[in-house]
Amino acid sequence: MLPTNSFAAMSATTPLEAYSFNRRTVGNNDVQIEILYCGVCHSDLHQAKDEWGGSIYPMVPGHEIVGKVISVGSEVTKFKTGDLAGVGVMVDSCKHCASCNQDLENYCEEGMTGTYNAKERDGSGITMGGYSTQIVVNDHYVFHISEKLNLPAVAPLLCAGITTYSPLVFAGVKKGMKVAIVGLGGLGHMGVKFAVSFGAEVTVISTSPNKEADAKKLGATHFLLSTNEADMKKYNNYFDVILDAISANHDYTQYLNLLALNGKLMVVGLPTEVPKVSPFSLITNRRSVIGSCIGGMKETQEMLDYCAEHNIVSDIEIIPMQNINEAYNRMLKGDVKYRFVIDLASIKA
Ligand code: NAP
Ligand code: ZN
């Protein structure tokens, strides 16, 4: 067993606190990674506070993990000690269903195994995430990380990056298309970077007037305040694709109405309430609502390689592990530019 320091949620209503637990010993197909940085995703907060239901405690959140390989099992050929490595939102899947066979482990028919707050498939316990000093993961679920990029700023690519890259690719975003990103948070700001890099004309739709300058700096052409009805109306029937990355409950209809013929509302935000969708807004312009869940292992590695080639990383604020509760409070207020990343040196023994 491998003793590991971490921060954990012990219940839905208490702040995260220091916690020690044992990782499994390194199996033949496992990679042992010293975690250097871990991004803070709004999904961590949703689950720590049991907003989706079914949370398992103690819970060590964190699924935007980068670090250094410190050992590998006897069968592992993809990685060696000293390599940079990353782990995202899943650490296992069934490996034989139709989705897994198409490199879409994120849509595994048996359900992917989350990096934390999930049951290990062999019944050995509960998965524990990246707010910790090390992790042991089957090599299929570990990514290669380029040495070229600023390592802490790479961490958010493992969730915020792939979760926005995948739906934009699926929707066929390319030069000449009009794309709106709704919710300029951790996911949203990555969505802007990718859509701009694919050549689209990008609009940010936000509830925060103070984010306009950032949106333009990130490459957006237009900025719309979703609370300004008159301005929103000017963009009726305008966009080819809208990416909804809002973390709080909201109505889809006001965004659907902005879509042009065959327009797609790509939903990635995961608030708790079932949203309202007007059928009249859907039949107008033959619009569709499409959900998207992170991305498969192959596509995530492609995204990481694309980022290395195009020099794309996240805009981050580095924090010590001890500041996580304050970071959650600031994230709830939208006060983060645009991703917190934990420096795990802060809880090394
Ligand atoms: P985040 O950094 O907190 O950003 C969320 C943004 O939503 C905020 O910055 C804010 O943007 C907007 N927002 C907040 N409250 C709002 C309200 N009441 N009305 C309208 N907009 C509001 O969160 P994140 O880490 O990017 O995650 C966003 C969502 O995606 C979360 O629900 C998360 O669980 C989900 N998620 C899904 C997947 C997937 O695979 N589908 C993966 C990861 C995360 P403005 O200030 O610009 O309005
Ligand atoms: Zn996430």
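Note that the structure is predicted; figures quoted are calculated from it, not measured. (Residues numbered from 1 in each chain as written. Chains lettered and ligands numbered in written order. Predicted model: local features only at pLDDT ≥ 70, side-chain atom pairs only at ≥ 80, totals over all residues. Heavy atoms only, no water.)

A.B. asks: How do you make sense of the packing of helix H4 (residues 160-170) against helix H5 (residues 186-197) when you look at a structure like this?
C.D. replies: Packed helices, taken two at a time, are described by their axes: the angle between them and the distance between them. H5 packs onto H4 with a crossing angle of 50 degrees between their chain directions and a minimal axis gap of 8 Å. Considering the angle they form, H4 stands oblique to H5. Between H4 and H5 lies a crossing whose hand is right-handed. Contacts between H4 and H5 involve Ala160, Gly161, Thr163, Thr164, Tyr165 and Leu168 on the former and, on the latter, Gly186, Leu187, Met190, Gly191, Phe194 and Ala195. Looking at the contact of H4 with H5 residue by residue, the class counts come to seven nonpolar, five polar and no charged. (Axes fitted to C-alpha atoms, helices over the stretch in contact; angles between N-to-C directions. Helix = DSSP H or I, 4+ residues; strand = E, 2+ residues; numbered from the N terminus. Parallel < 35°, antiparallel > 145°, perpendicular 65-115°, else oblique. Left-handed = near helix turned anticlockwise from the far one by under 90°. Contact = heavy atoms within 4.5 Å. Nonpolar A, V, L, I, M, F, W, Y, C, P; charged D, E, K, R; others polar.)

A.B. asks: How should I be thinking about the pairing of strand E5 (residues 84-87) in this particular structure?
C.D. replies: Regular strands have side chains that alternate between both faces of the sheet. Every second residue of E5 is oriented toward a common face, with Leu84 and Gly86 on one face and Ala85 and Val87 on the other, all of them buried. Relative to E5, strand E4 (residues 65-72) runs antiparallel, the two sharing four bridges. From the neighbouring strand, Val66 faces E5, where its bridge partner is Gly86. (Buried < 20%, exposed > 50% of the residue type's maximum accessible area, 1.4 Å probe, protein only. Pairing = 2+ DSSP bridges.)

A.B. asks: How should the domain arrangement of the chain be read in this particular structure?
C.D. replies: How big an interface is tends to be reported as the loss of accessible area on association of its parts. Per the domain assignment, the segments making up the chain are domain 1 (2-159 + 315-347) and domain 2 (161-291). A straight line from the C-alpha centre of domain 1 to that of domain 2 covers 28 Å. The partner domain 2 presents 16 residues to the 13 residues of domain 1 that form the contact. Between domain 1 and domain 2, the buried area comes to about 1,300 Å², and carbon and sulfur atoms account for 53% of it. Its largest share of buried area at the contact with domain 2, domain 1 owes to Cys159, Asp315 and Tyr338, together 43% of the area lost on that side. Our count for the domain 1 to domain 2 interface comes out at two salt bridges. One salt bridge in this structure joins Lys337 and Asp214, with 3.1 Å as the shortest N-O distance. The tally of links between domain 1 and domain 2 comes to twelve residue pairs in polar contact (both at pLDDT 80 or more). Across the side of domain 1 that touches domain 2, the residue classes tally to six nonpolar, three polar and four charged. (Domains from an automatic or database assignment. Buried area = accessible area lost by both parts, 1.4 Å probe. Salt bridge = Lys/Arg side-chain N within 4 Å of Asp/Glu carboxyl O. Polar contact = N/O pair within 3.5 Å; in protein donor to acceptor, adjacent residues only side chain to side chain.)

A.B. asks: I would appreciate a short explanation of the site of ligand 1 in the present structure.
C.D. replies: Around ligand 1, 28 residues are found, and the nearest of them are Ser206, Thr207, Ser208, Lys211 and Arg339. One of the backbone N or O atoms of Leu270 is found 2.9 Å from an oxygen atom in ligand 1. Between ligand 1 and Ile294 there is a distance of 2.8 Å, counted from an oxygen atom to a backbone nitrogen or oxygen. Considered on its own, ligand 1 offers 930 Å² of accessible surface; in the complex 88% of this is hidden by protein. Taken together, the elements giving at least two residues each to the shell around ligand 1 come down to helix H1 (42-48) and H5. Looking at which element gives the most residues to the shell around ligand 1, the answer is H1, with three residues. (Near = heavy atom within 4 Å. Areas by Shrake-Rupley, 256 points an atom, 1.4 Å probe, with all protein chains shown as cover.)

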